[in-house]
Structures are given as C-alpha cells and as structure tokens.
Amino acid sequence: EEPYRVHFTNVIAYVAQCAILLTFYTALAIDTGSLMSFGLGDTGIGICLILINLVVVILVIFLALSYAEKKKEEKTWRRGLTKEEYEIVSRVMNPSHHSGSGSSSRRR
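Residues numbered from 1 in each chain as written. Predicted model: local features only at pLDDT ≥ 70, side-chain atom pairs only at ≥ 80, totals over all residues. Heavy atoms only, no water.

**Regarding the overall build of the protein chain**
The helix and strand tally for the protein chain stands at four helices and zero strands. Total accessible area on the protein chain stands at roughly 9,000 Å², and carbon and sulfur atoms take up 64% of it. (Helix = DSSP H or I, 4+ residues; strand = E, 2+ residues; numbered from the N terminus. Areas by Shrake-Rupley, 256 points an atom, 1.4 Å probe, with all protein chains shown as cover.)

Laid out in structure tokens, this is it:
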C-alpha cells in the first residue's frame, strides 16, 4: 500500500529517500575513509555525490513534467464530455466524492 493518495507523490518520496540514504552512506564512507582504497579522496567522493544528486533532481523534474502532461491530457479529454457523461465518469472514478440521488440506497 502506498502512503500517499497520488501515485506521483509516492514516486517523489521514494526517490528522495534513496537520495538521502545515498548521502548518509557517502558521509559515513568519507568519515571512515573506507573509499580511500578505491583511490577516491573527499573531493572525488563529493563530486560524485553532487553528480548523483543532480541526476536525481533532473529525474524528478522529468517525472513531474510527464505527470503534468498526463493530467493535462486527462483534463482535455474530460472537457469533451457532456455534463451527464462527466457525472458518470466522475462517479465511477471517484465514488466517495459523489452522492447521486439513488446511490445512497445502493451503498448499503
């Protein structure tokens, strides 16, 4: 089960958790000097960390733009519906927010 209602928010939360975990792991590696055996100094590790976090930011921006485009297409599609068609689609897609005239007796 996802903790947030909007799926995109869950994706951003997951990516942010990964970035935070990576940052803490890198700080631990710098503190213990465990990456010195690979020939990476503090500056090299810092540069790698900055690059990785930039990739994460770019990924989130890309995901946000694609999510916004998807929502825009959905709104455009819904504008073409008549009022009756829109009500039917809204009841089917989000039944808890609409209470039709005969729907309360069917919920029992």
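Here the narrative resumes, following the displayed structure.
**Things to note about the side chain of T26**
Take T26: it is sitting in helix α1 (residues 7-32). Residues in contact with T26, not counting those within four places in the same chain, are I45 and L49. (Contact = heavy atoms within 4.5 Å.)

**A word on a nonpolar patch on the surface**
There is a patch of nonpolar side chains on the surface, built from I47, I50, L51 and L54 and spanning about 390 Å² of accessible area. Mapped onto the secondary structure, I50 falls in helix α2 (residues 42-79). (Patch = residues over 30% accessible without salt bridge, like charges linked within 9 Å, V, L, I, M, F, W, Y side chains within 5 Å. Salt bridge = Lys/Arg side-chain N within 4 Å of Asp/Glu carboxyl O.)

**Some details on α1**
Its 26 residues give α1 an end-to-end C-alpha distance of 38 Å, which sits within 8% of 38 Å, the value for a rise of 1.5 Å per residue. Looking only at α1, the buried set comprises F8, N10, A13, V15, A19, T26 and A29. Of the residues trailing α1, G33 is marked for its positive phi of about 70°. (Expected span 1.5 Å × (residues − 1). Buried < 20%, exposed > 50% of the residue type's maximum accessible area, 1.4 Å probe, protein only.)

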